[in-house]
Amino acid sequence: EERRRISVALDAAVKILEHVNETIREQEGRERLSEISKDLWIRQGRLDLTAPTRHLGQRKLLKEGVMSKAKSGRKLRLFLCSNILYLWSRTERGFFPFLLITTLNLLCAVDDSLLRLHLAYPRGGDTIVLQANSIKDSLAWKDTIECASRKAKEGE
């Protein structure tokens, strides 16, 4: 009987800690999105990544990192949110906005450490090829992008 009660208490403690950790991760993600949004300008206005999306609720930062364009070697900083992938290009003065892609029209494939992002437009499309640090990193990006795309399509 005592062993069962200890097991129940342990399960409850694990659930509480998982909830606390998730809450902290979400708060850190919101803070990071707020920081990114300070320099995020689209056309005439600032894009506020902390604002909720139309169909998916609160936007979340899922992954961020640096990759290079495969042909030019230009460094890009990637921010994957629940509904968009934002790429920043590195210059002497830091990073500047390069490309904003909704995850709804994004297909990706991995070839060794190359990540191919295909933007599906009504008439054709475009492909951006990025060089990851490793095959593992490239696969992690692909899996996370595909998951975000799937969830964005379900929330449409």
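Look up: the structure comes first, before these words.
To start, this report covers the structure provided alongside it. These figures come from a predicted structure and were not determined experimentally.

With that out of the way, let us pick up the overall build of the protein. Within the protein one finds two helices and nine strands. Order of helices (α) and strands (β) in the protein, N terminus to C terminus: α-β-β-β-β-β-β-β-β-β-α. Going through the 156 residues of the protein one by one, you find that 28% of them count as buried. For the protein, the share of sequence-separated contacts (at least 6 apart) that also reach a separation of at least 24 residues comes to 40%. Entry remark: accessible area of the protein is about 10400 Å², with carbon and sulfur atoms responsible for 51%.

Formed by 14 residues in total, the largest nonpolar core has its most connected members in Met 67, Leu 78, Leu 85, Leu 117, Leu 130, Trp 141 and Ile 145. Those elements giving two or more residues to this core turn out to be strand 4 (75-81), strand 5 (84-91), strand 8 (114-120), strand 9 (125-131) and helix 2 (135-155). The contacts of Leu 78, once residues within four sequence positions are left out, are Lys 63, Glu 64, Gly 65, Met 67, Leu 85, Tyr 86, Leu 87, Leu 130 and Trp 141. Ile 36, Phe 79, Ile 84 and Trp 88 belong to the second-largest nonpolar core, a separate cluster that totals eight residues.

For the rest of this paragraph, the subject is the pairing of strand 4. Each regular strand carries side chains that alternate between the two faces of the sheet. Most of strand 4 is tucked away: five of the seven residues are buried. Across seven bridges, the pairing between strand 3 (residues 61-69) and strand 4 is antiparallel. Looking across to strand 4, one finds that Val 66 is bridged to Arg 77. Connecting strand 3 to the next strand, strand 4, in antiparallel fashion are five residues, including Gly 73 with a positive phi near 80°.

A word on the side chain of Ser 113. Looking at the element boundaries, Ser 113 is found in the loop between strand 7 (106-111) and strand 8. Within polar-contact distance, the side chain of Ser 113 engages the side chain of Gln 131 at 2.3 Å. Dropping the residues within four chain positions of it, Ser 113 is found in contact with Leu 130, Gln 131, Ala 132, Ser 134, Ile 135 and Ser 138.

The rules behind each value
Residues numbered from 1 in each chain as written. Predicted model: local features only at pLDDT ≥ 70, side-chain atom pairs only at ≥ 80, totals over all residues. Heavy atoms only, no water. Helix = DSSP H or I, 4+ residues; strand = E, 2+ residues; numbered from the N terminus. Buried < 20%, exposed > 50% of the residue type's maximum accessible area, 1.4 Å probe, protein only. Contact = heavy atoms within 4.5 Å. Areas by Shrake-Rupley, 256 points an atom, 1.4 Å probe, with all protein chains shown as cover. Core = buried A, V, L, I, M, F, W, Y, C linked by side-chain atoms within 4.5 Å. Pairing = 2+ DSSP bridges. Polar contact = N/O pair within 3.5 Å; in protein donor to acceptor, adjacent residues only side chain to side chain.

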